[in-house]
Amino acid sequence: MDFDKIDYDFQYLLNEDSYVEDDCVNLFHNILHRYTSSQPCPMDYFSSVQSISPVDPNQSHIQLFFYGENYSEVGHWVCLFYNGESLRIYDGLKGKSVPSSQQKFVDALFPHKPPMLFPDVQAQSNSYDCGVFAIAYATSLALHQNPTFENYINAEMRPHLFRILESRELMQFPSIPRKPRGIHKRDIFMEYNQKENQIIKAEPKMVERNEPAIRLKKMEKEELQAEEDMFENQPNLFQQINMADHRVVQLEYEYREFVKKNNHKILKQLVMFKSSQNIVKQNNHKIL
């Protein structure tokens, strides 16, 4: 797909109470395909079981999945991750089963019926962030981060998703480490290659950047290097700045001390000046 010709407006995602629509998911799936070996099934294929292409049992796969009768109604987004051994379903509502009405679509994607797991992940805090969280889970998986150990920062999730869709590049969602009680950290990115009978690790595909982007990146790097060289060539710069700051503080202190010591003189001069003004006013007619 030619990403440059896509003209979607995803500003609606910045509204906190908006739902992620299927056009957003389809674009994210295309971005996901650029980074991984996954070929997510387009959302409109889920209107018919016969139109779904099965996932290769020996190939890892990441897919957003919709719980609902159709996309015009409110449903629920989850993230599917198949690592060659088991199918993990990451659910922001912490569901532990697939709705019976959706099981046929899961079976169509994975006809070899791998064991299903429902990992403990950070839960969404409302009823309309399921799509945002599902995409966050998928992004972490694509970048080899385990969502179970990610605590996403809610306030930054929607702006970050908007940046991903606008830039067409995967970037890890802002998060802090999370350690669910009783869960040991393990590598979930190992897929079993039955033909060679060995464990292999799936590597994400690198995005092909265009020439202007490469040149811009090079210019930024050169500017940063120039700034570093400038400071290296002037080792006494920070020392001079510190000395100047110290001198300013010293002068301020000396001024305050001078005012304290000479305050009575200043007041006396001020009183004398006021008295002189009064004398002039009183004798103004005589002077004239």
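Residues numbered from 1 in each chain as written. Predicted model: local features only at pLDDT ≥ 70, side-chain atom pairs only at ≥ 80, totals over all residues. Heavy atoms only, no water.

Asker: Honestly, the environment of L161 in this entry has me stumped. Any pointers?
Answerer: Relative to the helices and strands, L161 resides in helix α4 (residues 154-167). Excluding anything up to four places from it in sequence, L161 contacts L13, V20, V132, I135 and F173. (Helix = DSSP H or I, 4+ residues; strand = E, 2+ residues; numbered from the N terminus. Contact = heavy atoms within 4.5 Å.)

Asker: I keep staring at the environment of N58 and nothing clicks. Help me out?
Answerer: Among the structural elements, N58 can be located in the loop between α1 (22-35) and β1 (61-67). For the pair N58 and Y82, spaced 24 residues apart in sequence, the C-alpha to C-alpha distance is 9.6 Å.

Asker: Please explain the side chain of S86 as it appears in this structure.
Answerer: Within the fold, S86 resides in the loop between β2 (76-82) and β3 (87-90). Relative accessible area serves as the criterion here: at 9%, S86 is assigned to the buried category. A polar side-chain atom of S86 sits 3.0 Å from a polar atom in the side chain of R88. Discounting residues that sit within four places of it in the chain, S86 has contacts with F81, P114, P115 and L117. (Buried < 20%, exposed > 50% of the residue type's maximum accessible area, 1.4 Å probe, protein only. Polar contact = N/O pair within 3.5 Å; in protein donor to acceptor, adjacent residues only side chain to side chain.)

Asker: Sorry, what's going on with the pattern of salt bridges here?
Answerer: Oppositely charged side chains may form a pair once their charged atoms are brought near each other. One pass over the full model with this rule turns up 3 salt bridges. Between D120 and K94 there is a salt bridge, with its nearest N and O atoms 2.4 Å apart. With D120 in the loop between β4 (116-117) and α3 (130-142) and K94 in the loop between β3 and α2 (100-109), this pair connects stretches of sequence that are 26 residues apart. Residue classification places D120 among the partly exposed positions, given a relative accessible area of 26%. On the accessibility criterion, K94 (36% relative accessible area) is partly exposed. Of the charged contacts, one joins D120 and R178 as a salt bridge, the two residues approaching to 3.5 Å between their closest N and O atoms. Here the residue D120 occupies a position in the loop between β4 and α3, and R178 occupies one in the loop between β6 (175-177) and β7 (190-193), the gap between them amounting to 58 residues. When salt bridges that share partners are traced, they join K94, D120 and R178 into one network. (Salt bridge = Lys/Arg side-chain N within 4 Å of Asp/Glu carboxyl O.)

Asker: Any chance you could explain the layout of surface pockets here in plain terms?
Answerer: Take a probe with the size of a water molecule and roll it over the atoms, and the empty space left behind shows itself. Within this model, the second largest pocket holds a volume of roughly 240 Å³. Lining the second largest pocket are 16 residues; nearest its centre among them are Q39, S53, P54, V55 and H61. Partitioned by chemical class, the residues of the lining of the second largest pocket number 7 nonpolar, 8 polar and 1 charged. (1 Å grid on protein atoms, 1.4 Å probe; cavity = no way out; pocket = protein on both sides within 12 Å on 5 of 7 lines; lining within 4 Å. Points joined across faces, edges and corners; volume = space filled by probe spheres on them. Nonpolar A, V, L, I, M, F, W, Y, C, P; charged D, E, K, R; others polar.)

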